[in-house]
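Below, each chain spelled out in residue letters.
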Amino acid sequence: MSFLSFTFLIFILASLFVYYVFPKKYQWGVLLAANMVFYAFSGIGNFVFIIASSLVTFFCAKIVYKMNANLKERKNALSKEEFKTEKQRVQKNKRKVLVLMLFINVGILVYLKYINVLAKFHTIFLPLGISYYTLQTISYFMDVYSSKYECEKNFFKYFMFVSFFPQLIMGPINRFNQLGKQMQEERNFDFDNIKHGVMLILYGALKKYLVADMLFGKIASVLDPAFDSLPGGVALFGVLMYAIYQYADFSGGVHMVLGFANLFGLDMMPNFRQPYFSVSLADFWQRWHISLGAFMRDYVFYPFALTKFMQNISKWCNKKLGKHFAKSIPACMANILVFVLVGIWHGPELHFLIWGLYNGLVIALSDLLSPVFEKINVLLHINTKSRAMHVFRIVRTFIIVNIGWYFDRIVDVKKSFVYLKNTFCHFGNPAEIFSYSYLKELLGNITEFQSQIVLVLIGCLITFVVSVLQENKIDVYKSIQKKNIVFRWACYYVPLFLIILSFSFSAGDAGFMYAQY
């Protein structure tokens, strides 16, 4: 069910009406029913997978929670040595449940998303949101496993959290103790939530339809044709369009998702925080797809870095290479593992693996070489806290990120290396490669493209202004509410007008890029 469809408009209005009219103690049931209706539009057969994933994690979490509770109860009744032995036995049994849960949950995901494609079996469509709800159910289990909070006793309330319809298309990957508990609370109708939700939806739709959908076809025109080579300037032009498109599409979609949740009075985990203002690649990945990064940090990075094997490596490095390497090596290896997994999560193609390795290695090397960079700054008398240095770091990070986008977007690995080399070594004559005749051959209808670029620039300017304000810790929504009524209504109607205008120049809803992951 597309966010742009008339069916979805009727669905969201009907869901909101029933949600706020029904007795408050049944509101969670209304959300559950709305989730089921939304998911049914993706195919009734897909229910098998989301229910299976939910059942497995729900009951496995109950088992490990009971183990934790029993161990806690027996602590005072056992001697110190007996308790240590009992704890080891419980940990061993918990690990068996963990392995079983991962085998079933990850096994379903790997089969449907990877083995089925790589082995060229009969092609089947991926169930809606499988990558997102799989990680979400795993995070719930792991939090109960580590005694972060109690397990949910009502399966239907848990399933309501897993299947919450806005998050199924592109996340965020929410945590049960944050969103799940909110969804069970009784809520009164709050017009401010409606206003805030609508503004988030309009801002997200502006980025999605005014910017991303305008660029979608043109990026393909530049980067997808089977050219043996391409002038570096043109390849860079295509990758820069892709950088804008991907951010506008994904962050725009997430803002719409956050807006829909806000209509129900729910606050989801934010997924973006002005990533193109990052001062390092590590900083970028703390601002981009935040919920996936948090999942990888909590359930992959730290568990791997703190393993006995990695701690032994750290001790060896401390003796042979010094404290810096002892501290950095486990984190570096964990970062590489995380980004390899993130690359594979995007899809079973080599270019995603290379993209993941690139990001992991750059972050690892920057961490390892940080003392060298600090000495260079001292030798050159560089004020690292100056505004000029801050801007330099933002530009440097933007370049590093865009080098990675060559491997993310260009499916043919050989071609991605050729295009990257041409960008630095064979840029081409700008007057020729950006001439009217060349662009017409490359892009087709130039007149239409000029109109699209104007709309894209307007959308980018609005996004840039909002991002600058947010980067300076200004709550844009609250600031708008303090303005006069003309300005406030303009903030609703201007984006709406631009979104409607964009439909005249786009080929229609291109779908959400991250829905395929």
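Preceding this section is the structure that the text describes.
Residues numbered from 1 in each chain as written. Predicted model: local features only at pLDDT ≥ 70, side-chain atom pairs only at ≥ 80, totals over all residues. Heavy atoms only, no water.

**What about the overall build of the protein chain?**
Point 1. When helices and strands are tallied, the protein chain shows 22 helices and 0 strands.
Point 2. At 25 Å, the protein chain has a C-alpha radius of gyration in line with the 24 Å of a compact globule built from 517 residues.
Point 3. Taking the principal axes of the C-alpha coordinates as reference, the protein chain spans close to 85 × 70 × 55 Å.
Point 4. Counting all 517 residues of the protein chain, 48% fall into the buried class.
Point 5. Look at the contacts in the protein chain between residues 6 or more apart in sequence, and 76% of them connect residues 24 or more apart.
Point 6. Summed over its atoms, the accessible surface of the protein chain is roughly 26000 Å², and 67% of this surface lies on carbon and sulfur atoms. (Helix = DSSP H or I, 4+ residues; strand = E, 2+ residues; numbered from the N terminus. Rg over C-alpha atoms; globule rule 2.2 N^0.38 Å. Buried < 20%, exposed > 50% of the residue type's maximum accessible area, 1.4 Å probe, protein only. Contact = heavy atoms within 4.5 Å. Areas by Shrake-Rupley, 256 points an atom, 1.4 Å probe, with all protein chains shown as cover.)

**Concerning a positive patch on the surface**
Point 1. On the surface, Lys-308, Lys-315, Lys-319 and Lys-320 cluster together into a patch of positive charge.
Point 2. Here Lys-320 shows up in helix α12 (residues 308-320). (Patch = residues over 30% accessible without salt bridge, like charges linked within 9 Å, V, L, I, M, F, W, Y side chains within 5 Å. Salt bridge = Lys/Arg side-chain N within 4 Å of Asp/Glu carboxyl O. Lys, Arg positive; Asp, Glu negative; His and termini not counted. Charge placed at Lys NZ, Arg CZ, Asp CG, Glu CD.)

**Describing the packing of helix α1 (residues 6-21) against helix α2 (residues 27-40)**
Describing two packed helices takes the angle between their axes plus the distance from one axis to the other.
Point 1. Two numbers describe how α1 lies on α2: the axes approach to 9 Å, and their chain directions differ by 165°. Put simply, α1 runs roughly antiparallel to α2. For α1 against α2, the interelement crossing comes out right-handed. Every residue of α2 that contacts α1 at Phe-8, Phe-11, Ser-15, Val-18, Tyr-19 and Tyr-20 is listed here: Gln-27, Val-30, Leu-31, Ala-34, Val-37 and Phe-38.
Point 2. Considering only residue class, the contact of α1 with α2 consists of 10 nonpolar, 2 polar and no charged. (Axes fitted to C-alpha atoms, helices over the stretch in contact; angles between N-to-C directions. Parallel < 35°, antiparallel > 145°, perpendicular 65-115°, else oblique. Left-handed = near helix turned anticlockwise from the far one by under 90°. Nonpolar A, V, L, I, M, F, W, Y, C, P; charged D, E, K, R; others polar.)

**Description of helix α14 (residues 350-368)**
Two residues of an α-helix separated by three or four positions point the same way, owing to the 3.6 residues in each turn.
Point 1. Its 19 residues place the ends of α14 27 Å apart at the C-alpha level, agreeing with the 27 Å of an ideal helix rising 1.5 Å per residue.
Point 2. Looking at α14, one finds that the buried residues are His-351, Phe-352, Trp-355, Gly-356, Tyr-358, Asn-359, Gly-360, Ile-363, Ala-364 and Leu-368. (Expected span 1.5 Å × (residues − 1).)

**Focus on the nonpolar core**
Point 1. Membership of the largest hydrophobic core comes to 140 residues, with the highest contact counts inside it found for Phe-141 and Trp-405.
Point 2. Those residues within four positions of Trp-405 in sequence are excluded, and the remaining contacts are Val-239, Tyr-242, Ala-243, Gln-246, Tyr-276, Phe-284, Trp-285, Trp-288, Trp-355 and Ile-410.
Point 3. Formed by 8 residues, the second largest nonpolar core is a distinct cluster that contains Met-310, Ala-326, Ile-329 and Cys-332. (Core = buried A, V, L, I, M, F, W, Y, C linked by side-chain atoms within 4.5 Å.)

**Overview of the side chain of Asn-262**
Point 1. Tracing the sequence through the fold places Asn-262 in helix α9 (residues 232-263).
Point 2. Taking the relative accessible area as the measure of exposure, Asn-262 reaches 4% and is therefore buried.
Point 3. Ignoring anything within four residues of it in the chain, the contact list for Asn-262 reads Asn-193, His-196, Gly-197, Leu-200 and Asp-267.

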